[in-house]
Amino acid sequence: MISLINRTKKRIAILLIAMIPILSLSANEPTAIQEGEMDVKNVVFGHIGDSYEWHITTWGKTHVTVPLPVILRGNDGRWHCFLSSAFHHSPDGVYDSFYIASGNSPYAGKIVEKNASDEEVRPLDLSLTKTAFALLFNSILLCIIILSVAHWSKKNKNKAPKGFVGFMEMFIMDINDNVIKASIGKGYERYAPYLLTVFFFIFINNIMGLIPIFPGGANVTGNIAITLFLACCTFIVTNLNGKKEYWKEIFWPEVPLLLKPIMIPIEIVGIFTKPFALMIRLFANIMAGHSVILSLVCLVFITASMGPAMNGSMTVVSVLFGIFMNCLELLVAYIQAYVFTMLSAVFIGLSTAEHAEHSVGEVKESI
Amino acid sequence: MGLLQPESGLLFWMLLSFVVVFIVLAKFGFPVITKMVNDRKQFIDKSLQAADEANAQLAGIKANSEALLAQAREDQVKILKEASETRERIIKEAKEEAQAVAKKQLDEVRLQIEAEKNAAIQEARREIASLSIGIAERIIRKNLEKGPEQMELIDRLLDEISASKS
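Analysis parameters
Residues numbered from 1 in each chain as written. Chains lettered and ligands numbered in written order. Predicted model: local features only at pLDDT ≥ 70, side-chain atom pairs only at ≥ 80, totals over all residues. Helix = DSSP H or I, 4+ residues; strand = E, 2+ residues; numbered from the N terminus. Rg over C-alpha atoms; globule rule 2.2 N^0.38 Å. Buried ≥ 20, exposed ≤ 12 C-beta atoms within 10 Å, placed from the backbone. Contact = placed C-beta atoms within 7 Å. Pairing = 2+ DSSP bridges. Axes fitted to C-alpha atoms, helices over the stretch in contact; angles between N-to-C directions. Parallel < 35°, antiparallel > 145°, perpendicular 65-115°, else oblique. Left-handed = near helix turned anticlockwise from the far one by under 90°. Core = buried A, V, L, I, M, F, W, Y, C linked by C-beta atoms within 7 Å. Domains from an automatic or database assignment. pLDDT = per-residue confidence, 0-100. Nonpolar A, V, L, I, M, F, W, Y, C, P; charged D, E, K, R; others polar.

Asks: Got a sec to walk through the overall build of chain B? Specific residues and values, please.
Replies: Regarding its fold elements, chain B presents two helices and zero strands. In terms of overall dimensions, chain B is more spread out than a globule: its C-alpha atoms have a radius of gyration of 63 Å, far above the 15 Å expected for 166 residues. Principal-axis analysis of the C-alpha atoms places the extent of chain B at approximately 200 × 20 × 10 Å. In chain B, which comprises 166 residues, the share counted as buried stands at 8%.

Asks: So what's going on with the overall build of chain A? Residues and values would help.
Replies: Helix and strand counts for chain A come out as 11 helices and 12 strands. Within chain A, the fraction of its 367 residues that count as buried is 36%. For chain A, the proportion of contacts with a sequence separation of at least 24, taken over those separated by at least 6, is 66%.

Asks: Can you explain the sheet that holds strand S11 (residues 120–121) of chain A? Please cite residues and give values.
Replies: Residues and elements named next belong to chain A. Taken together, four strands build an open sheet; the order of strands is S8-S9-S10-S11 and the sheet is antiparallel. A strand with exactly one partner marks an edge of an open sheet, and here the two such strands are strand S8 (94–95) and S11. Relative to S11, strand S10 (residues 111–114) runs antiparallel, the two sharing two bridges. Looking at the pairing, lysine 114 lines up with glutamate 120 of S11.

Asks: Quick one: what's the story with the pairing of S10(A), residue by residue and with numbers?
Replies: Residue and element names in this part refer to chain A. Of the pairings in the sheet, the one linking strand S9 (residues 98–100) to S10 comprises three bridges and is antiparallel in character. Each bridged residue has a counterpart across the sheet, and for isoleucine 100 the counterpart in S10 is isoleucine 111. Hairpin connection between S10 and S11: a loop of five residues separates the two successive antiparallel strands, and aspartate 118 in this loop has a positive phi of roughly 60 degrees.

Asks: Tell me what's going on with the packing of helix H6 (residues 192–210) of chain A against helix H10 (residues 308–352) of chain A, and back it up with residues and numbers.
Replies: Residue and element names in this part refer to chain A. It is the contact of H6 with H10, at a shortest axis distance of 9 Å, that shows an interaxial angle of 165 degrees. Considering their axes alone, H6 and H10 lie roughly antiparallel with respect to each other. In the crossing of H6 with H10, the sense of the turn from one axis to the other is right-handed. Facing Leu195, Val198, Phe199, Ile202, Phe203, Asn206, Ile207 and Leu210 of H6, the residues of H10 in contact are Asn326, Glu329, Leu330, Ala333, Tyr334, Gln336, Ala337, Phe340, Thr341, Ser344 and Ala345.

Asks: I'd love a proper account of unusual backbone geometry, names of residues and values included.
Replies: Residue and element names in this part refer to chain A. With an omega of 5 degrees, the peptide bond running from phenylalanine 214 to proline 215 counts as cis. Residue placement: proline 215 occurs in the loop between H6 and helix H7 (224–240). Phi is positive for aspartate 96, close to 55 degrees, though the residue is something other than glycine. A tally of 15 C-beta atoms within 10 Å means that aspartate 96 is categorised as partly exposed. With a phi close to 60 degrees, aspartate 118 is a non-glycine residue in the positive phi region. C-beta crowding within 10 Å serves as the criterion here: with 6 such atoms nearby, aspartate 118 is assigned to the exposed category.

Asks: Now, about the nonpolar core: what can you tell me, with residues and values included?
Replies: Formed by 88 residues in total, the largest nonpolar core has its most connected members in A:Ile180, A:Tyr191, A:Leu195 and A:Phe199. Two domains each put at least three residues into this core: domain 1 (69–127) and domain 2 (131–366) of chain A.

Asks: So what's going on with the confidence of the model for chain A? Residues and values would help.
Replies: Looking at chain A, the pLDDT average stands at 83 and 86% of residues meet or exceed 70. Within chain A, the lowest mean pLDDT, 38, falls on strand S1 (residues 24–27) of chain A, and the highest, 94, falls on H6(A).

Asks: Tell me about the domain arrangement of chain A, residues and numbers included.
Replies: The domain architecture assigned to chain A consists of domain 1 (69–127) and domain 2 (131–366). When each unit is reduced to the centre of its C-alpha atoms, the spacing between domain 1 of chain A and domain 2 of chain A is 34 Å.

Asks: Which residues make up the packing of helix H4 (residues 130–155) of chain A against H6(A), and what values do they have?
Replies: Residue and element names in this part refer to chain A. Running from N to C, H4 and H6 cross one another at 120 degrees; their axes reach a closest spacing of 10 Å. Here H4 is positioned oblique relative to H6, judged by the angle of their axes. Here the hand of the crossing between H4 and H6 comes out right-handed. Across the interface between the two elements, Ala134, Asn138, Leu141, Leu142 and Ile146 of H4 pack against Phe200, Phe201, Ile204, Asn205 and Met208 of H6. Grouping the constituent residues of the contact of H4 with H6 by class yields eight nonpolar, two polar and no charged.

Asks: Go over the sheet that holds strand S12 (residues 124–125) of chain A, please, and point to the residues and values.
Replies: Across the sheet, which stays open at both edges, the three strands sit in the order S7-S6-S12 (chain A) with antiparallel pairing between neighbours. Pairing within the sheet leaves two strands with one partner each, and these edge strands are strand S7 (79–83) and S12 of chain A.

Asks: So what about the pairing of strand S6 (residues 69–73) of chain A? Which residues, and what values?
Replies: All names here are of chain A. In S6, alternate side chains face the same way, and those of Val70 and Leu72 are buried while those of Pro69, Ile71 and Arg73 on the opposite face are not. Strand direction decides the pairing type here: S6 and S7, joined by five bridges, are antiparallel. Residue pairing for S7: arginine 73 is matched across the bridge by tryptophan 79. Adjacent in sequence and paired antiparallel, S6 and S7 are bridged by five residues, among which glycine 77 carries a positive phi angle near 85 degrees. Across two bridges, S6 lies against S12 in antiparallel orientation. Among the inter-strand pairings, leucine 72 is bridged to a residue of S12, identified as aspartate 125.

Asks: Describe the confidence of the model for chain B, with residues and values.
Replies: Confidence in the prediction for chain B averages 86 pLDDT; 93% of positions are at 70 or higher. For this predicted complex, the interface confidence comes out at an ipTM of 0.82, alongside a pTM of 0.74.

Asks: For the environment of A:Val44, give the residues involved together with the corresponding values.
Replies: All names here are of chain A. Locating valine 44 in the fold gives a position in helix H2 (residues 40–48). Here valine 44 falls in the buried class, since 20 other C-beta atoms lie within 10 Å of it. Once the C-alpha coordinates of valine 44 and glutamate 354 are considered, the two residues, 310 residues apart in sequence, prove to be 48 Å apart. Discounting residues that sit within four places of it in the chain, valine 44 has contacts with Ser291, Leu294 and Ser295.

Asks: An account of the environment of A:Gly46 is requested, with residue identities and associated values reported.
Replies: Looking at where A:Gly46 falls in the secondary structure, it is placed in helix H2. Placed 63 residues apart in sequence, A:Gly46 and A:Gly109 show a C-alpha to C-alpha distance of 9.2 Å.

Asks: Give me the lowdown on the environment of A:Cys81, citing residues and values where you can.
Replies: Residue and element names in this part refer to chain A. If you trace the backbone, cysteine 81 turns up in strand S7. Its 12 C-beta neighbours within 10 Å are what place cysteine 81 among the exposed residues. With residues up to four places along the chain from it excluded, the contact list for cysteine 81 reads Pro69 and Ile71.

Set out below in structure tokens:
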């Protein structure tokens, strides 16, 4: 088993080493940081938003960034594919008629091009942005981890695993038995792979987001597109598997006839609010966590102009708070993955229950 | 609010990566692991049950062997008892037989002695008779004519003999 972990480690190391040549050193004008002053808003929003390159650090005036591939389908109907560093190679930041929109444009920070009437329009943008890249990286990492555990399990039948495999097995079985099985009940096996995938997908993205160095630290689950997609998946699974009782509860609930005109719209809206709440909860929690940690770190640089005593004391405070917040975020990373999975399981359980329970209202309250 | 606007490009990558991850893990990942864990659980349950059964069997065997041992001990005692009884009986019988034989022999010897004694008495009587007859003949021949004293003596002798005989 140790050799398996070692092998996995080696694979990851090879992956990282393979990435080093991609790192490019580019000397350009700093975007967010001015001499002596700091735009905290830009730093924080620049981090939690998306970008076309992976900025690692700025050393003096040299930005160390990982250029990421840009994939576009322009208005001319042709596909363009180039590295984001291409924008820096031309003096005006225009490459092949594409450029990154400036701060006062409605598409600030996105790649735009000019159409025939000289208006800024967005091409179809499938660029492998920072978030998308982190997403792919974390997905591959997740596959490697789970498949290695599965591989070990297959090879060592009826043996108790140790170390990392044992931990993962315990982790998976805990979610499987105490969340999915407990929430769905009979017939949970059908949904267990989906819910386990959701849990570990969210969890690994949350955890990787807390690691501040490349390739961690991207705000993946704090991006609305990611949570929107996950919530849509739960919405589809819940409603496609809804039994007769589930739909009856929505379109003909057991309430007095006069209340029905009120209850039915509420129930119909309820179908959509449940996944919507899932989407917003995960997005807001992770985004807020990233923002708070970044703000605390920025505190050190904001107070730099207030004299050494203030700066020193604020540094201690911000580091202590930063450590505290990181520990908290570690907890939040687990809790949010857990909550998303559990609520998805509860929704699926309610929609697939053979006999409609009257706990629907209670569950809604708890949400 | 740019933060709340889902990017179509990111949605595309999310769709791609999540679907691929889901397919891969749902096919080769989680079911394999959960199945293995459940199989192992069953295996452990079965093993424990088998162990329990084996223990029960062992206990049964132990009880059986103890019962056998007790039986054997009982048998031993019984056999020993029987043996001692038999020994005593044999000894007793032997003694009785020996006594009977001894008695028989003694009786035979006695009878023989009796017979021999009788024979000896007969012999002696015949001897004595012949001796007496001889003595008598001589006395008679010498003193037959000597009168009544002789006759008296002969009578007396004869009386004595017959008296001792009877």
